[in-house]
Amino acid sequence: MIKTFDKIGKILRKFRKFYINKKLNNSFFSNNEIKKFFPSIKKIIKRISINNSWFHIEDLLLSIDQWGKTLTRKNLEHWIDKQFYKINNNKNKEKNVLVIMPGNIPLAGFHDFLCVIISGYKIIIKLSQKENLLFPFLCKIMKHINPMLKDKIKFTENFFKEKYDYVIATGNNNTARYFEYYFRNKPLLLRNNRTSIAILQGNEKQEDLILLNKDILTYSGRGCRNIGKIFIPYKYNISHILDKSYLYKYITRNKKYMDNYKYYLSIYNMNKKICIKNNDFLIFKEDKNYFSPISVVYYEYYKNLDKLKKNIFKNKKHLQCIVAKNFLEEEICFGEAQLPKLEDYADGINTIQFLSRQIK
C-alpha cells in the first residue's frame, strides 16, 4: 500500500503545479494515463468552492498540497516502521471499519482513511455533506492505481444499514453523545470538539507573529488545529499580533467568515464592558474560555509560566495543538499547526493501535 499512497502523493503535488501553471510534465509519470484525472480534479475543485462557500480554492489547494508533501515513500516508511508490529500481527484483516468523517476542512478524514487501509481493513465511509466530492474522486484514482482497493473501499449515505466491526467517528459535542450511545456495543474511537492554543513569552520575532496569524486563519479558522486562544505575558500589547495579520487579508473574500466577523463585532460593540481589539477581519477578545467563535481569538494574560503550565495541563483534554517556542516538549512551531505529520494522531489517540484491538 505504501507504493499506492506514494503515487497519490505524487499526483497531489503535481496537481497543484498543474492548476497554477496550466501545464503538465509528460516525464513525471511513467504511465501518462494518470494525467487524464487532472482536468477532472480541477473541475471538482471549482465545483466544491461553489457548493460550499467555506471552502475557497486556496484552502482546497493548500490541503491537496499538504497531503502531497506528506504522502512520500520516505514519510510513509518512517511512519509504518513504528507501527510494524501492530499492523503485521493484526488478525482482523477481514473486518470492516466504519469511518464517519468531519467536513469542517478539506480532506479532514484522510488520515483515518490512510490508517484503515494501511492496516489492511475494509473501510465504509460516511462523508459529511459539506465535503463529499473530492474524497470519492481520490478513491477512484487509488482504485485505478491499485485495483485491489476496489473491494476495500465503500461509501455509504446510511450507515444504519451497514455491517461493521469498528467505528471511528468525528463530530461536535452533541453528536459525540449520540455516537457514544448508538455505537456502545462496538469498539469506538470517538472524537469531539477540540481547539488549539498558542503561548507567547514576549521574545517572539516578527516572523513568529506572522506565522501565528497563519495558524489562526488557515481554513478560515474552522479546524481543531487552528489557534482559538492565545496566552500572553502581563501588559503585552495584543496589537503586535493583530498588526501582522494583513498578509492573510484574502480571508475577506469569504462571505461566511465575514458574516461571522460582522456579527460578533456588532455584539461586542453593543456591550461596552467587553474589551476587544480588531481590524477589518479579525477580533481579539480578552476571555478565559478556550473555545472562541469563528473570526474571534480569545487572549488571556499570565504572570507566571509555571502556573500557566498547570492551567494548560488541567485543560489538556480540550486541546489539539499547543503552538509555542521553547515552552513545552510537545509544542508545535509557529506556522505548523495545520501541517501535521503522519504520526500526529488526532486527540493524541493512535488510530492504528486502536484498530489492532482483537475482537471476536
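So, a few notes on the structure that sits alongside this text.

Conventions adopted
Residues numbered from 1 in each chain as written. Predicted model: local features only at pLDDT ≥ 70, side-chain atom pairs only at ≥ 80, totals over all residues. Heavy atoms only, no water. Helix = DSSP H or I, 4+ residues; strand = E, 2+ residues; numbered from the N terminus. Rg over C-alpha atoms; globule rule 2.2 N^0.38 Å. Buried < 20%, exposed > 50% of the residue type's maximum accessible area, 1.4 Å probe, protein only. Areas by Shrake-Rupley, 256 points an atom, 1.4 Å probe, with all protein chains shown as cover. Lys, Arg positive; Asp, Glu negative; His and termini not counted. Charge placed at Lys NZ, Arg CZ, Asp CG, Glu CD. Polar contact = N/O pair within 3.5 Å; in protein donor to acceptor, adjacent residues only side chain to side chain. Phe/Tyr/Trp six-rings, centres within 6.5 Å; stacked < 30°, edge-to-face > 60°. Lys NZ or Arg CZ within 6 Å of the ring centre and 35° of its normal. Salt bridge = Lys/Arg side-chain N within 4 Å of Asp/Glu carboxyl O. Disulfide = S-S within 2.5 Å. Core = buried A, V, L, I, M, F, W, Y, C linked by side-chain atoms within 4.5 Å. Contact = heavy atoms within 4.5 Å. Pairing = 2+ DSSP bridges. Axes fitted to C-alpha atoms, helices over the stretch in contact; angles between N-to-C directions.

Let's shift gears to the overall build of the protein chain. The helix and strand tally for the protein chain stands at 12 helices and 11 strands. For 360 residues, the compact-globule formula gives about 21 Å, and the C-alpha radius of gyration of the protein chain, at 21 Å, lands near that figure. Along the three orthogonal principal directions, the C-alpha set of the protein chain runs to about 60 × 50 × 35 Å. Residues counted as buried form 52% of the 360 residues belonging to the protein chain. Working note: accessible area of the protein chain is about 18,400 Å², and carbon and sulfur atoms make up 49% of it. The distance from the centre of the 66 positive side-chain charges to the centre of the 33 negative ones in the protein chain is 4 Å.

With respect to the secondary-structure elements, Ser 119 resides in the loop between helix H5 (110–118) and strand S2 (122–126). From its side chain, Ser 119 meets the backbone oxygen of Cys 115 in a polar contact 2.7 Å long.

So, on to the packing of aromatic side chains. Going through the model one piece at a time under the given rule, you end up with 26 aromatic pairs. Seen from their ring centres, Tyr 234 and Tyr 301 are 6.3 Å apart, and the 80° between their planes marks the pair as edge-to-face. With Tyr 234 in the loop between strand S7 (227–233) and helix H9 (239–242) and Tyr 301 in strand S10 (residues 296–302), this pair connects stretches of sequence that are 67 residues apart. A relative accessible area of 47% places Tyr 234 in the partly exposed class. For Tyr 301, a relative accessible area of 29% gives the class partly exposed. Pairwise contacts between aromatic rings join Phe 159, Phe 160, Tyr 164, Tyr 178, Phe 179, Tyr 182 and Phe 183 into one cluster. The side chain of Lys 229 reaches across the aromatic face of Tyr 290, ending 4.9 Å from its centre. The residue whose ring lies beneath Lys 303 is Tyr 234, and the NZ or CZ to ring-centre distance is 4.5 Å.

Summed over the entire model, instances satisfying the criterion amount to 14 salt bridges. Across the pair Asp 347 and Arg 194 runs a salt bridge whose closest N-O atoms are separated by 3.4 Å. With Asp 347 in the loop between strand S11 (319–323) and helix H12 (351–355) and Arg 194 in the loop between strand S5 (188–191) and strand S6 (195–199), this pair connects stretches of sequence that are 153 residues apart. Arg 194 matches Asp 347 in its accessibility class, with the two residues each being buried. The salt bridge involving Lys 255 is made with Asp 259; its shortest N-O contact spans 3.1 Å. Of this pair, Lys 255 and Asp 259 both sit in helix H10 (residues 255–270), four residues apart, which is roughly one turn of that helix. Look at Asp 259 and you get partly exposed, because its relative accessible area is 37%.

Looking now at the state of the cysteines. Evaluated as defined, the whole model comprises zero disulfides. For Cys 139, which is in no disulfide, the shortest distance to another cysteine sulfur is to Cys 115 and amounts to 14 Å. The exposure class of Cys 139 is buried, given its relative accessible area of 1%. Free of any disulfide, Cys 224 has its nearest neighbouring cysteine sulfur in Cys 321, separated by 6.8 Å. Overall, Cys 224 belongs to the partly exposed group, its relative accessible area being 28%.

Most often, soluble globular proteins keep nonpolar side chains buried together rather than apart. Core analysis: the biggest nonpolar cluster contains 92 residues, and Phe 5, Trp 79, Phe 110, Phe 113, Ile 230, Ile 241 and Phe 284 have the highest contact counts within it. Here Phe 284 is in contact with Ile 216, Ile 230, Ile 238, Ile 241, Leu 242, Cys 275, Ile 276, Lys 277, Val 297 and Tyr 299, once residues within four sequence places are set aside. Ranked by size, the runner-up nonpolar core spans 12 residues in total, among them Ile 322, Ala 324, Phe 327 and Leu 328.

Spatially, five strands are ordered S3-S2-S1-S4-S5 in an open sheet, and the strand pairing comes out parallel. Bordering the open sheet on either side are strand S3 (153–155) and S5, each of which pairs with just one other strand. Looking at each pair of strands side by side, their axes are set apart by 15° on average, direction ignored. Examined bridge by bridge, strand S1 (residues 96–100) and strand S4 (residues 166–170) share four bridges and lie parallel to one another. Bridge assignment links Val 99 to a residue of S4, and that residue is Ile 168. In this fold helix H6 (residues 134–145) packs onto S2 and S3, with an angle of close to 155° to the strand it touches most, S3.

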